[in-house]
Structures are given as C-alpha cells and as structure tokens.
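What follows is each chain in one-letter form.
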Amino acid sequence: MQKFHLLAEEDLGHDLFEGLTTRDKDGVLKPGVAKEWTVSDDGKTYTFTLNDTKWSNGDPLTAKDFVFAFRRILEPSLGAEYASLLYPIANAKAYNKGEIKDAATIGVKAVDDHTLEITLASPTPYFPDLMANTAAFPLHAASVEKLGSGYASPGKLVSNGAFMLESSEPHGKIVLKKNPEFFDASAVSLDGVVYNQILDGGTAVRLFRAGELDITPGSKSDGNALAVKEMPDSVRVEVIMGTEYYDFGLSGDKVKDPDVRLAINMAIDRAALTEDILGTNEVNAYSLVPPGLDGYESPPMDFADKPLMQRVEEAQKLMQKAGFGPNKHLKLEVNFNSSDLHNRTAVALSDMLKDIWIDLSPVNRDGSAYWEWLGNARGKFDLARDSWIANFPDPVNFLNLYYAGKEGSTTGYSNAEYDKTLDAAALELDKSKRFALLAEAERMLLTDGAIVPLYYYNSIRLVNPKITGWNKNGFALHPSRYLAINR
C-alpha cells in the first residue's frame with residue numbers, strides 16, 4: 001500500500017468524512033454529499049438533495065444520518081466544542097444550552113432518504129460554508145448507537161470520506177487506507193495516508209529532511225525558518241484567514257481607560273515584530289477581520305498610516321492624560337500560552353511599551369490550561385494572547401467572538417450598539433448592505449479598543465516536490481483525495 005505522511009487534524013477529518021458541502025483543492029466550496037440545494041425566498045429554509053452515497057461498510061448514507069449527527073453534536077451532555085457552528089439552525093442553540101429538551105424541535109428534518117430540510121432561526125448567507133465544516137459531518141447512526149464512544153476505534157469507525165481508519169497509536173501514527181465505497185474512489189490516487197502526531201515544528205523539519213515526512217505542519221518554528229533558506233523548492237507559504245491579537249481584559253481595572261488601550265495599540269511596532277523579531281513576514285494587522293473573506297474590507301484603526309515615531313509621541317500624550325509618565329509607570333501582566341514564538345512576542349511588546357511608561361510582565365501557561373483559563377477569566381486580566389482562524393469565510397466568524405448578548409463576552413467587552421448592529425446584519429439579505437453593517441460593527445470594536453491586532457497569519461510548510469495536487473488556499477486545507485506522489 002502506498003503511504004503518504006503529513007500532519008493536520010483538519011485534513012484528517014476531511015479524509016475520513018464528507019459533509020453536505022465540501023471544498024476542492026483550491027479551497028472553493030462545492031457540493032459534497034448534497035448534489036444540489038435550494039433556499040427559500042426568506043433565506044431561512046435550505047433543502048439539500050443527497051447523492052447516492054455509501055458508508056465505508058456499504059450501507060447507504062441517508063438524510064437521517066445527518067439528522068442524527070446534528071442532534072448528537074448539539075446534545076448538551078456531549079459538550080462538543082464546535083456545536084455553536086450549528087447555532088444558525090432553528091432551536092439549535094436553545095437545545096445545546098438546555099433551554100429546550102426535545103431534540104425533535106431542532107430545525108433539521110429528513111423528508112426522505114435523499115432529502116434533508118434545514119430551517120434556520122434567521123437568514124444565514126454563509127450557511128452552505130458551515131456545512132463543509134467537520135462539525136457538520138454525518139455519522140453512521142447504527143454504529144454510534146451500538147458502540148457509544150468506541151465507534152471511532154480502528155476497525156470500527158464507519159466513515160464516508162475518501163479514506164477509512166486502519167490503525168491508530170496513542171501519540172503515534174494514524175494510518176488510513178483508501179475507501180473503496182467512496183463515490184469518487186476512481187479519482188483518488190493514494191492507496192493510504194499516514195498521519196504522524198508530532199507537535200514540535202523543529203522535529204517535523206528534521207523528519208522531513210530525513211525523508212520520513214512528506215509534508216510538515218504549518219509552523220513558524222526556527223527550524224522551519226532555516227529550512228526556507230535551505231530547501232526553497234519544498235517551501236509552501238500560504239496566506240490564511242486568521243489573525244493574531246491580544247485581548248484587553250475589560251472586567252478588570254488596569255485597562256479600563258480607553259486612552260491607555262489606544263496608547264498601547266499605537267506604540268506597538270508591528271513591522272519590527274513580524275520582520276525582525278519573529279521573522280515570519282506576516283501582514284501587519286490593524287483590524288480583527290483578516291483580508292480575503294469574500295470581498296469584505298475591514299475598517300483599519302485610524303492611526304494605521306501614521307509613522308511609528310508620531311504614534312509613540314501621541315501615545316505618550318495619551319498616557320500622560322491617563323496619569324502616567326516617566327515617574328509613574330503602569331504595571332500590567334500579559335498572559336500567553338507556552339510557545340517560543342509567543343514568548344518572544346510578549347518580550348518584544350514589553351520592550352516597545354517601555355517607551356510609553358508601561359511595565360509589562362509576561363505570564364506563561366501551558367497550552368490546554370491557558371485556553372481553559374482564558375475562557376473562565378471573563379475579562380479579569382490585563383492583556384491575554386488570543387487568535388482566530390476562520391471556520392468559514394465570513395466576517396461574522398470573527399465579529400461574533402465579541403458579541404455580548406445575555407451571556408457576555410469572555411473578555412468583558414460589552415457594547416449594546418455593537419450587538420444591535422450584528423443583529424441587524426444577521427437579518428440583512430443584501431450582501432453589500434450586510435457587509436456595510438459588519439464593517440460598522442468592527443469599527444466600533446476597534447474604536448472601543450477591545451483588542452490589540454498584531455498580524456494576519458501565513459502558514460509555512462515544507463512539501464515534498466514530488467507531490468502534486470497541493471494547491472495554496474486560504475483555509476490551509478489539503479485533503480488527501482486530491483494529492484498524488486511520484487516516489
């Protein structure tokens with residue numbers, strides 16, 4: 001069996017399963033299990049017509065498998081992290097929050113084996129994009145009901161993608177083999193795929209050099225940076241739809257003053273950070289939403305075009321207005337998750353902010369512990385590293401992160417007008433008017449000084465030059481069904 005080595009959890013999911021919609025090798029949305037769909041005039045009812053598709057065990061895949069999967073991921077006791085991606089569906093959020101107990105009230109209905117009807121709470125123009133996400137993949141109901149959590153074990157997992165699970169080692173290799181029941185199996189070149197669960201970018205580069213990996217993960221490690229110079233024919237750089245930024249903790253006291261938050265944003269030398277300190281050469285960010293989302297244009301911060309020296313001088317005046325100066329410094333903590341890259345960023349920002357009389361102390365936490373801390377902190381911190389990579393190509397994927405509503409945002413940011421503007425955008429069917437409302441909301445977020453945008457992401461990978469079908473795209477998504485390799 002031909003083997004192919006790479007690392008990427010998202011690619012693994014798309015190798016094993018396919019949703020109602022999917023993405024081609026260029027990242028363009030196209031029909032998946034659904035061969036076509038229609039939407040009602042009010043934008044709230046989608047009707048998907050399914051292909052004659054089989055599961056890897058030969059069973060027919062039906063609309064009921066999607067109903068089962070959607071209800072399962074929304075089950076409150078499951079605690080699924082990405083259940084919120086299905087919240088546009090009528091009653092999905094209420095069921096997931098335990099406000100409604102009957103799963104049958106969720107707006108997903110199998111009209112017949114080949115027809116799935118989905119009713120939304122409000123118009124959602126990007127809904128077909130959501131259906132390509134791993135959270136919206138179907139499940140083989142019979143095996144899940146029989147095996148429970150063991151349904152995903154090697155030899156037991158029933159999938160509908162181009163590959164199926166052959167074996168898996170804890171912290172080791174995940175081996176897939178070609179799925180003969182896949183509807184387009186004849187177009188799949190690879191006989192199998194081996195995923196190596198390697199978290200360290202430097203280790204991945206060393207394995208690539210030794211010929212033990214064909215693709216490294218998207219990494220900004222020093223090892224990858226060196227490899228860019230040594231193996232230019234293998235380097236693939238993708239600009240992806242993601243942003244690196246810091247949150248201000250607006251439930252605390254130290255950064256309550258908007259002048260302080262604006263001063264911090266103005267004093268940061270983003271070009272020096274990406275070019276000199278990190279060496280990643282990413283695009284400097286002055287907004288939350290990155291470029292490339294279906295034509296949407298973010299309103300940049302007002303100072304974006306000013307020379308750095310002028311910005312620092314204006315930031316000093318803001319700090320003096322807030323009561324700080326050479327003889328009275330503001331002491332802040334910056335929180336981040338463990339990474340050499342994140343540590344260097346925090347140290348760089350500490351040096352930059354000394355010019356405006358801020359003493360910034362780094363606070364480092366391990367990865368999983370960090371994100372749990374950030375989710376529970378509810379804005380009771382000074383500064384905290386954050387980031388987002390688009391699940392779907394629409395600005396609301398970023399802007400909804402700061403929607404307060406009844407529950408409040410995790411950073412303590414709350415602006416009723418911001419929420420109201422996002423609510424209005426959710427009801428707007430005209431794309432240009434909707435984008436204008438979203439830009440207005442983003443302008444509020446930036447003017448309020450809720451975040452410190454740093455840079456928009458790129459992804460640096462090493463790819464074996466013998467591989468074909470690996471095309472750059474904004475999702476950094478590369479399903480193995482499109483790849484081939486000439487050994």
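Read on for an overview of the structure. Counting restarts for each chain: residues are numbered from 1 in the order of the written sequence. With the structure being a predicted model, the display of local features is reserved for residues of pLDDT at least 70 and the display and counting of side-chain atom pairs for 80 or more, all residues being used for whole-chain, interface and lining totals. Water and hydrogen atoms play no part in the side-chain values, which are based on all heavy atoms of the structure.

### Brief notes about the overall build of the chain
Next, step 1: Think of it this way: any DSSP run of H or I at least four residues long counts as a helix, any run of E at least two long counts as a strand, and we number them from the N terminus. Regarding its fold elements, the chain presents 15 helices and 18 strands.
Next, step 2: Along the longest, intermediate and shortest principal axes, the C-alpha atoms of the chain span 75 × 55 × 40 Å.
Next, step 3: Between buried and exposed lies partly exposed: a residue is buried under 20% and exposed over 50% of the maximum accessible area for its type, with that area taken using a 1.4 Å probe on protein chains only. Taking all 487 residues of the chain together, 53% fall into the buried category.
Next, step 4: Only heavy atoms enter the contact rule, under which two residues are in contact if any of them lie within 4.5 Å. Considering only contacts in the chain between residues 6 or more positions apart, those separated by 24 or more positions represent 69%.

### Remarks on the sheet that holds strand β4 (residues 34-39)
Next, step 1: Here, a strand pair is defined by DSSP locating no fewer than two bridges between the strands. Within the open sheet, the four strands sit side by side as β4-β5-β7-β6. Their pairing is antiparallel. The sheet is open, and its two borders are formed by β4 and β6 (108-112), each paired with just one other strand. Between one strand axis and the next, the sheet turns through 20° on average, direction left out of account.
Next, step 2: Strand direction decides the pairing type here: β4 and strand β5 (residues 45-50), joined by five bridges, are antiparallel. Paired with Trp-37 across the two strands is Phe-48, which belongs to β5.
Next, step 3: Helix axes are fitted to C-alpha atoms over the stretch in contact, other axes to C-alpha atoms as well, and angles between N-to-C directions run from 0 to 180 degrees. Of the strands in this sheet, β5, β6 and β7 (115-119) touch helix α2 (residues 63-73), which is tilted by about 170° from β6.

### Concerning the pattern of salt bridges
Next, step 1: The term salt bridge refers to a pairing of a side-chain nitrogen on Lys or Arg with a carboxyl oxygen on Asp or Glu at a separation within 4 Å. Inspection of every chain in the model, using the stated rule, returns twelve salt bridges.
Next, step 2: Between Glu-230 and Arg-209 there is a salt bridge, with the nearest N and O atoms lying 2.7 Å from each other. Of this pair, Glu-230 sits in helix α7 (residues 222-230) while Arg-209 sits in helix α6 (residues 201-209); the two residues are 21 residues apart in sequence, bridging distant segments of the chain.
Next, step 3: Glu-230 sits in the partly exposed class, given a relative accessible area of 46%.

### So, the pairing of strand β9 (residues 173-178)
Next, step 1: Here strand β8 (residues 163-168) runs beside β9; their pairing, made up of five bridges, is antiparallel. Paired with Ser-168 across the bridge in β9 is Ile-174.
Next, step 2: Taken together, β8 and the strand that follows it, β9, pair antiparallel across an intervening segment of four residues, in which His-171 is found at a positive phi of about 60°.
Next, step 3: Pairing between β9 and strand β10 (residues 192-196): five bridges, direction antiparallel. When the sheet's bridge partners are listed, Leu-176 is paired in β10 with Val-193.

### Focus on unusual backbone geometry
Next, step 1: Even without being a glycine, Trp-357 presents a positive backbone phi close to 65°.
Next, step 2: Checked against the element boundaries, Trp-357 lands in the loop between α11 (340-353) and β14 (358-365).
Next, step 3: On the accessibility criterion, Trp-357 (12% relative accessible area) is buried.
Next, step 4: Non-glycine residue Arg-378 carries a positive phi angle of around 50°.

### Some remarks on the side chain of Asp-11
Next, step 1: Its place among the elements puts Asp-11 in helix α1 (residues 9-16).
Next, step 2: Arg-461 is the oppositely charged side chain nearest to the buried, salt-bridge-free Asp-11, at an N-O distance of 4.0 Å.
Next, step 3: A 3.5 Å cut-off defines polar contacts: any pair of N or O atoms within that distance qualifies, except that in protein one atom must be a possible hydrogen donor and the other a possible acceptor, and neighbouring residues in sequence count only when both atoms are side-chain atoms. A distance of 2.7 Å separates a polar atom in the side chain of Asp-11 from the backbone nitrogen of His-478.
Next, step 4: Contact partners of Asp-11, with chain neighbours within four places excluded, come to Tyr-195, Arg-461, Ala-476, Leu-477, His-478 and Pro-479. A positive count includes Lys and Arg, and a negative count includes Asp and Glu. His and the chain ends are not counted in either.

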